[in-house]
Amino acid sequence: MSLAQVHYTSSAPGDEETAGRFTAVGPGVSGALLAEIEPLVRYELPGGVPARPSDDELRALPQAFGYFVLSDGSRLVARSAAVRDTDRAGSGVRFHAHAVRLPPGVPLPDDRLPVETWRSPHWVAATPGGPVPDPLTPPPGPAAVSEGLDDFAVSRGPWLAAVLADLRRASDAEAAEGRPVVLVERQCADVARWLGLASVTLPRESAERLTFTTYTRRPESSTSRVVGVLPEDAEAARAAGLRVHTCAGPLPADGGPVDAWAATAARVWRSRSPELFREARELPGEPFAAGPLAVTALCAGIELGPDGRAAAAGWAADRPYALDAKRTGQLVEALTSPAVDDRTGPEFDAAGRLFDALEGRCPASVTAPLAAMLVTEAVRGGNGSLELPRRDAFAGPEGAVVAERLGPEILTELADTVGSRPVARTVQLLRVARLLGVDGTTSLPGVVDRLAPALLTEAAAHEGPPGFAPALLELLDEQFEVRTALLGALDRLAPEDPGAVARFLERVALPFTGTQALPHLRMCAEVPEAMATLGGDRAAVWHRVLRAAGLSPFAEPLVLRTAVGLVWEDRAPTVGEARLLLDAATSDAHRAAGTWARLVDTALSPSAAGPSTSGTSASGTSTSGTDASGTDEAAGLAHDLLRGFPEEIGGRQRAGLLLLDLVRELRTGAPEPGWAERVRTLCAQAEPVEPALRERAYAALVERLLAPDRPGAELYDFVHGEDAELIAAYDRAARTEAVRTRLRTQPAYAADCFTVWTAHPHAGRAWPPVAAALLDDVLRPAVRGMSAEDVAEVEATVGRTGSSGRADAFRDWNRSSTLGRLGRRIVGLRGRR
């Protein structure tokens, strides 16, 4: 069919009324389309063009060749070029635009792409007087733009991958409203060659979406997806925020990562093999997936980088049926080439998936190189996450060769005890040794003894399941002897840090449901559910965990240590819980398990001997601000611990327990003489003693000293001991409400206190002022509130227990109190008068 042609000529120099005019318009081009076409075909001379250029200078000016999509769906192919102005003398410069409109849905003749008409001989530089041939119908043969593309691609090697990646993005259907990609070249013909590269590299539908112009001075206002500019306009394009590729200057610096498809396409062009793009498009996959192109390139002998090789292996692993036997062999040969020395972890992972996909589909001779490469990397490369082949892959002679080469290296590294080795590395070595049939029985005990604590350490360093977990579970599933040895090693470790083992088992579900006893591991596995089910009842949790061991503490004392560590890892047992633990086994069992130390800590903890406000009740019993039964339990626990572990408990702990035991004896029994001295001595030996324990001991001592049945020698030692802290504790206890009540209600007790508080007036410097203050502040108010009969009984009791002189002293003391009251009353009456 005949396509409509349009000619446009710029105005003559000096004519500012119009920018130009259409000099010829073919049929079917409306005025509205002409208004749309006019800005697309306008031409702006480069800077620095002389007013009267020579013929050579005129020919050197750039030509703007473009391909545009119009609003009605039609397309426009146009060329705008500078021409000499012959209308006036002086030979100035105008431009002439020649364009062809393609109606919607009408392809170019011979189904060519627009860029292929770049060098058509039918483009004209003047308005013709009659019909001219259609410039979109070039003569038969290859288009001029495709000639020399290989050489051009090689010359643009440093920019090739980045430009192809941007041209691919520009061709995307969703990029219609995006800003253009700017190609900076000294010659607009080279911009056309870039578009020629794109037309070969991209799928046909993508290439057809690439609207372009090979030359413009205003790229920021262009509606094309690709524009070419001269070097002088490159900076303005960058300032406008456009994606600029300066292909006419110094070599580019590293512009960042380029996707695998673009990098592979660049290698194909540099290898002068553009026919591979067509072959790759015949393989299944997304249009710009790197896999098909990478597979095609590798099979053709083109070397690719790690990303390209990984893409090829991954694609082939997903579609092992897509390649014939010949190309499968070529691909494996390329992937396993000894010349490759830059393989990466993702590449090895993809190669492992390819091996799994090909095994059983291909002869062992095809897959053996992949298997050998994978295990070699596992041993020498340290890739702990690598998916290994199955064991039967090394059953043939190829496996024997690999085992002979790698076996000594594996055994040497496994036997090395210097430094630390990651868990993943040890697991990988053990798995490869089994694959290759390498006998590591001799080194296995040492390996698992190092592996077991490393499992706990590495797992504790991260949240969630550790990365080595899948490979470890596969190892234990594959090798019974390793599973038995490793579980045994972990079971032996559990009593030392059962909490760490329990947390590890929550993250890694080890298989220990077989016939091995593994009491400690079973306890560690039981504790999370027991805690969730029984809540805060730690005694019940302890019983349940202990039952999970399947062994009695009498038969295996260490289960005590594991159970205690699991249940009371983050806190000390209470006194009641400690009593439960002590009664659950013999002292020998606790001694072997080391749990006696936890019981000692409980007995000496501040909560066991908390602060109290103590005194004596009216009946003579002790009172305390805290739960007396809890304190008695702690003291009783201390007594039993001293009796059960006499050789193990020493130093300040022994002194602290003896102090608690003395508290028990002071309150419930008949302690050995020398109470005050023993309290002072034991406190000194227990330093740094808990303040609560010191206060408890002082309170128990002064409670006995305030009792009427205390030995006189103990009171004498106390009074003359000059211990200010003990005397202050006595003072506090004597001032409690319980003592005051007893003084008011029991004359005999009041008489006893009067005797004590007046008996030692010269006992150093600490006691006399305290005794005098107690007489005035505590006893005098009590006696003042008594009846005359009770006062008389106090006086008589003082005389019977002391002497007549002491009774006289009481009468004088009491009289002075009475006279003092009477005197104050008389003074008051006189004042009122």
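Residues numbered from 1 in each chain as written. Predicted model: local features only at pLDDT ≥ 70, side-chain atom pairs only at ≥ 80, totals over all residues. Heavy atoms only, no water.

## Examining the overall build of the protein
Line of reasoning, step 1. Broken down by element type, the protein carries 37 helices and 11 strands.
Line of reasoning, step 2. Its C-alpha atoms give the protein a radius of gyration of 51 Å, clearly above 28 Å, the size a compact globule of 833 residues would have.
Line of reasoning, step 3. When burial is assessed residue by residue, the protein has 49% of its 833 residues classed as buried.
Line of reasoning, step 4. When contacts within the protein are restricted to residue pairs at least 6 apart in sequence, those whose partners lie at least 24 apart make up 69%.
Line of reasoning, step 5. For the protein, the distance from the average position of its 88 positive side-chain charges to the average position of its 109 negative side-chain charges is 6 Å. (Helix = DSSP H or I, 4+ residues; strand = E, 2+ residues; numbered from the N terminus. Rg over C-alpha atoms; globule rule 2.2 N^0.38 Å. Buried < 20%, exposed > 50% of the residue type's maximum accessible area, 1.4 Å probe, protein only. Contact = heavy atoms within 4.5 Å. Lys, Arg positive; Asp, Glu negative; His and termini not counted. Charge placed at Lys NZ, Arg CZ, Asp CG, Glu CD.)

## What about the packing of helix α20 (residues 498-507) against helix α21 (residues 519-534)?
Line of reasoning, step 1. Following both chains from N to C, one finds α20 and α21 inclined at 70°, their axes separated by 8 Å at the closest point. The orientation of α20 with respect to α21, classified from their angle, is roughly perpendicular. Here the hand of the crossing between α20 and α21 comes out right-handed. Where α20 approaches α21, its residues P498, V501, A502, L505 and E506 are matched on the opposing element by L521, C524, A525, V527 and P528.
Line of reasoning, step 2. Residues of the contact of α20 with α21, tallied by class, amount to 9 nonpolar, no polar and 1 charged. (Axes fitted to C-alpha atoms, helices over the stretch in contact; angles between N-to-C directions. Parallel < 35°, antiparallel > 145°, perpendicular 65-115°, else oblique. Left-handed = near helix turned anticlockwise from the far one by under 90°. Nonpolar A, V, L, I, M, F, W, Y, C, P; charged D, E, K, R; others polar.)

## Some details on the packing of aromatic side chains
Line of reasoning, step 1. Overall, the coordinates contain 18 aromatic pairs when judged by the stated rule.
Line of reasoning, step 2. For the pair F718 and Y730, a centre-to-centre distance of 5.3 Å together with 35° between the ring planes defines the contact as tilted. You can see F718 sitting in helix α31 (residues 712-719) and its partner Y730 sitting in helix α32 (residues 724-734), a full 12 residues away along the chain. Each member of the pair F718 and Y730 is classed as buried. (Phe/Tyr/Trp six-rings, centres within 6.5 Å; stacked < 30°, edge-to-face > 60°.)

## A short note on the confidence of the model for the protein
Low-pLDDT portions of the prediction should not be read for the details of their coordinates.
Line of reasoning, step 1. Here the protein averages 86 in pLDDT, while 91% of its residues score no lower than 70.
Line of reasoning, step 2. Contacts for the low-pLDDT stretch residues 819-833, under 50 throughout, to residues beyond four places or in other chains number 2 contacts. (pLDDT = per-residue confidence, 0-100.)

## Topic: unusual backbone geometry
Line of reasoning, step 1. The peptide bond linking E687 to P688 adopts the cis configuration, its omega dihedral lying at -5°.
Line of reasoning, step 2. Relative to the helices and strands, P688 is located in the loop between α29 (675-685) and α30 (691-706).
Line of reasoning, step 3. Look at R272: it is not a glycine, yet its phi comes out positive at around 55°.
Line of reasoning, step 4. Assignment of secondary structure puts R272 in the loop between α8 (260-270) and α9 (275-281).
Line of reasoning, step 5. On the accessibility criterion, R272 (40% relative accessible area) is partly exposed.
Line of reasoning, step 6. Phi is positive for L518, close to 45°, though the residue is something other than glycine.
Line of reasoning, step 7. With respect to the element layout, L518 can be found in the loop between α20 and α21.

## Thoughts on the packing of α21 against helix α23 (residues 558-567)
Line of reasoning, step 1. The N-to-C vectors of α21 and α23 enclose an angle of 30°; their axes lie 10 Å apart at closest approach. Regarding the angle of α21 to α23, the classification is roughly parallel. Judged by the twist between their axes, the crossing of α21 over α23 is right-handed. Listed contacts from α23 to P519, H520, M523, C524, V527 and M531 of α21 are L558, V559, T562, A563, L566 and V567.

## Points about the pairing of strand β1 (residues 4-10)
Line of reasoning, step 1. Counting buried residues along β1, 7 of its 7 residues qualify, which places the element largely inside the surrounding structure.
Line of reasoning, step 2. On β1, burial covers both faces: A4, V6, Y8 and S10 on one face and Q5, H7 and T9 on the other are all buried.
Line of reasoning, step 3. Sheet topology places β1 next to strand β5 (residues 93-102); 6 bridges connect them, and they run antiparallel. Residue H7 lies in a different strand from β5, and its bridge partner there is H98.
Line of reasoning, step 4. For β1 and strand β2 (residues 20-25), the ladder comprises 5 bridges, and the chain directions are antiparallel. Looking at the pairing, V6 lines up with V25 of β2. (Pairing = 2+ DSSP bridges.)

## Description of the environment of A638
Line of reasoning, step 1. The topology assignment puts A638 in helix α27 (residues 628-644).
Line of reasoning, step 2. Here A638 falls in the buried class, since its relative accessible area comes to 0%.
Line of reasoning, step 3. Through-space distance from the C-alpha of A638 to that of L775 is 38 Å; in sequence the pair is 137 residues apart.
Line of reasoning, step 4. Those residues in contact with A638, other than ones at most four positions away along the chain, are L657, L660 and D661.

## Here's the deal with the sheet that holds strand β7 (residues 212-213)
Line of reasoning, step 1. In spatial order, the strands read β2-β1-β5-β4-β3-β7-β8-β6-β9; together these 9 strands make up an open sheet with mixed pairing. Since the sheet does not close on itself, it has two edges, and those belong to β2 and β9 (243-246), each with one partner.
Line of reasoning, step 2. One ladder, built from 4 bridges, connects strand β6 (residues 181-184) with strand β8 (residues 226-229); its direction is parallel. Bridged to V184 within β8 is V229.
Line of reasoning, step 3. Sitting on the sheet, helix α4 (residues 157-170) touches β6, β8 and β9, and the angle it makes with β9 is about 150°.

## Regarding empty space enclosed by the protein
Line of reasoning, step 1. For the coordinates displayed, the defined rule picks out 2 cavities of 30 Å³ or more.
Line of reasoning, step 2. Taken as a whole, the largest cavity encloses approximately 80 Å³ of empty space.
Line of reasoning, step 3. Surrounding the largest cavity, Y67, L113, P114, V115, L195, A198, S199, A207, L210 and F212 form its lining.
Line of reasoning, step 4. It is helix α5 (residues 188-201) that contributes the most residues to the lining of the largest cavity, 3 residues altogether.
Line of reasoning, step 5. Of the residues assigned to the lining of the largest cavity, the class counts are 9 nonpolar, 1 polar and no charged.
Line of reasoning, step 6. Space inside the second largest cavity adds up to approximately 40 Å³.
Line of reasoning, step 7. Together, A313, L335, R343, E347, F348, A351 and M373 line the second largest cavity.
Line of reasoning, step 8. The element contributing the most residues to the lining of the second largest cavity is helix α13 (residues 345-358), with 3 residues.
Line of reasoning, step 9. A per-class count over the lining of the second largest cavity returns 5 nonpolar, no polar and 2 charged. (1 Å grid on protein atoms, 1.4 Å probe; cavity = no way out; pocket = protein on both sides within 12 Å on 5 of 7 lines; lining within 4 Å. Points joined across faces, edges and corners; volume = space filled by probe spheres on them.)

## A few points about helix α34 (residues 747-758)
Line of reasoning, step 1. End to end, α34 covers 16 Å across 12 residues, agreeing with the expected 16 Å (1.5 Å per residue, within 8%).
Line of reasoning, step 2. Most of α34 is tucked away: 10 of the 12 residues are buried.
Line of reasoning, step 3. If you check which residues of α34 are buried, you get P747, Y749, A750, A751, D752, C753, F754, T755, V756 and W757. (Expected span 1.5 Å × (residues − 1).)

## Remarks on the side chain of H520
Line of reasoning, step 1. Tracing the sequence through the fold places H520 in helix α21.
Line of reasoning, step 2. With sequence-adjacent residues up to four places away left out, H520 is seen in contact with D491, A494, P495, E556, L558, V559 and T562.

## Remarks on the pattern of salt bridges
Line of reasoning, step 1. Under the defined criterion, the tally for this structure stands at 50 salt bridges.
Line of reasoning, step 2. In this structure, the salt-bridge partner of R169 is D166, at a minimum N-O distance of 2.3 Å. You can see R169 and its partner D166 sitting in helix α4, 3 residues apart, about one turn around the helix.
Line of reasoning, step 3. Taking the shortest distance from any N to any O, the salt bridge between R667 and E703 comes out at 3.3 Å. In this pair, R667 sits in helix α28 (residues 651-668) while E703 sits in helix α30, placing the two residues 36 residues apart along the sequence.
Line of reasoning, step 4. When its relative accessible area of 23% is taken as the criterion, R667 is described as partly exposed.
Line of reasoning, step 5. Overall, E703 belongs to the buried group, its relative accessible area being 4%.
Line of reasoning, step 6. Within this structure, R156, E185, D190 and R193 form a network of salt bridges that share partners. (Salt bridge = Lys/Arg side-chain N within 4 Å of Asp/Glu carboxyl O.)

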